[in-house]
Amino acid sequence: MQQALLLNASYEPLKVVHWQKAITLWCQGKVEVIAVHDREVRAVSVTFKLPSVIRLLRFVKIKRRFDYVPFSRANIYARDHHTCQYCNRGFSTADLTFDHVVPVAQGGRKDWENIVTCCVGCNRLKGGRTPAEAGMKLLKPPRRPDSAPAIRITVGLRDAPESWRDYLYWNVELDDT
Ligand SMILES: [Zn+2]
């Protein structure tokens, strides 16, 4: 049984789907294939590899019903709409990082009220300083979200195919180190 990880257009994992569903979505032009499994299937005259990671071409808004929002990279980025909280520009996940508003060295905590989405450039510029010290301004004070902005996928990382790991680790909660 080969399954595919379905990502939203924003690269956030949505759910795990059977490979036949993955191929149907692809044939319908709804997804692009990001990674494939080694296993091939033959259909009429063509042979192709089973999709392993697929991504929706159009963003879907997800209704969620969680009260508890896990403190994770994915959820911090989702709360901040993948927008750098200093320069107000949108970035893909690969170009984002998170910033301690009050640096750890000055007693800043790793929690919803002190961590914001930040682009790599602004993060470098700010360094180990507070926004005031760096002469930078936050778009808005960071807050704990009321409902879960990102989906949690219950897949043991050990069981997940290698190709899924880049996407799934975003849902691993940040540790407190
Ligand atoms: Zn920035």
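Residues numbered from 1 in each chain as written. Predicted model: local features only at pLDDT ≥ 70, side-chain atom pairs only at ≥ 80, totals over all residues. Heavy atoms only, no water.

Asks: In this structure, what is going on with the nonpolar core? I would like to understand it.
Replies: Burial of nonpolar side chains together is a common tendency in soluble globular proteins. Formed by C84, Y86, V101, V116, C118, C119, C122, A134, M136 and L138, the largest nonpolar core amounts to 10 residues. Looking at this core, the element that brings in the most residues is strand 6 (residues 115–119), giving 3 residues. Among all residues touching V101, those that are not within four sequence positions of it are Y86, N114, V116, K126, R129, T130, P131, L138 and P142. Core analysis: the next-biggest nonpolar cluster, separate from the first, contains 9 residues, L14, V17, A22 and V31 among them. (Core = buried A, V, L, I, M, F, W, Y, C linked by side-chain atoms within 4.5 Å. Buried < 20%, exposed > 50% of the residue type's maximum accessible area, 1.4 Å probe, protein only. Helix = DSSP H or I, 4+ residues; strand = E, 2+ residues; numbered from the N terminus. Contact = heavy atoms within 4.5 Å.)

Asks: I tried to follow the pairing of strand 4 (residues 46–56) on my own but got confused; where do I start?
Replies: Pairing geometry for strand 1 (residues 3–7) and strand 4, over 3 bridges, is parallel. Of the residues in strand 4, the one forming a bridge with L7 is R55. In terms of strand pairing, strand 3 (residues 31–43) meets strand 4 through 9 bridges, oriented antiparallel. Bridging from a neighbouring strand, A43 pairs with V46 of strand 4. Once strand 3 ends, the chain turns through 2 residues before running back antiparallel as strand 4, passing V44 with a positive phi of about 50°. (Pairing = 2+ DSSP bridges.)

Asks: Would you explain the pattern of salt bridges in this entry?
Replies: When the charged atoms of two side chains with opposite charge come close together, those side chains can pair. A full pass over the atoms with the stated rule returns 4 salt bridges. Put simply, R55 and E32 hold a salt bridge, and the shortest N to O gap is 2.6 Å. Taken as a pair, R55 in strand 4 and E32 in strand 3 lie far apart in primary sequence, 23 residues in all. With a shortest N-O distance of 3.2 Å, K126 and D99 are connected by a salt bridge. Here K126 is found in helix 3 (residues 120–126), whereas its partner D99 is found in strand 5 (residues 96–100), with 27 residues between them in sequence. Of the two residues, K126 and D99, both sit in the buried class. (Salt bridge = Lys/Arg side-chain N within 4 Å of Asp/Glu carboxyl O.)

Asks: How should helix 1 (residues 19–27) be read in this particular structure?
Replies: Because each turn of an α-helix spans 3.6 residues, side chains separated by three or four positions in sequence point in the same direction. Residues W19, A22, I23 and L25 constitute the buried set of helix 1. Along the long axis of helix 1, the arc covered by the buried residues comes to 160°, so they all point the same way. On the buried face of helix 1, the contacting elements are strand 1, strand 2 (13–18), strand 3 and strand 4. Note on helix 1: the residue one or two positions beyond its end, G29, has a positive phi of about 75°. (Arc of directions from axis to C-beta.)

Asks: Any chance you could explain the coordination of the zinc ion here in plain terms?
Replies: For a metal with four tetrahedral donors the ideal donor-metal-donor angle is 109.5 degrees, whereas six octahedral donors ideally subtend 90 or 180 degrees. C84 (SG), C87 (SG), C119 (SG) and C122 (SG) make up the full set of protein donors to the zinc ion, lying at 2.3 Å. One can describe the site at the zinc ion as tetrahedral: its 4 donor atoms subtend angles covering 102 to 117° at the metal. (Donors = N, O, S within 2.8 Å, 3.2 Å for Na, K, Ca; no water. Tetrahedral: all angles 85-135°; square planar, octahedral: opposite > 155°, others 65-115°.)

Asks: Can you walk me through the pairing of strand 2 in this structure?
Replies: Regular strands show a simple pattern: their side chains alternate between the two faces of the sheet. Bridge count between strand 1 and strand 2: 5 bridges; the pairing is antiparallel. When the sheet's bridge partners are listed, Q3 is paired in strand 2 with H18. Hairpin connection of strand 1 to strand 2: 5 residues between the antiparallel strands, including Y11 at a positive phi of 75°.

Asks: Sorry, what's going on with the environment of L138 here?
Replies: Turning to its location among the elements, L138 is positioned in the loop between helix 4 (131–134) and helix 5 (165–168). Using a relative accessible area of 19% as the deciding quantity, one classes L138 as buried. Distance in space between the C-alpha atoms of L138 and N88 is 9.0 Å, their sequence separation being 50 residues. Apart from the residues lying within four places of it in its own chain, the contact partners of L138 are Q85, Y86, V101 and V116.

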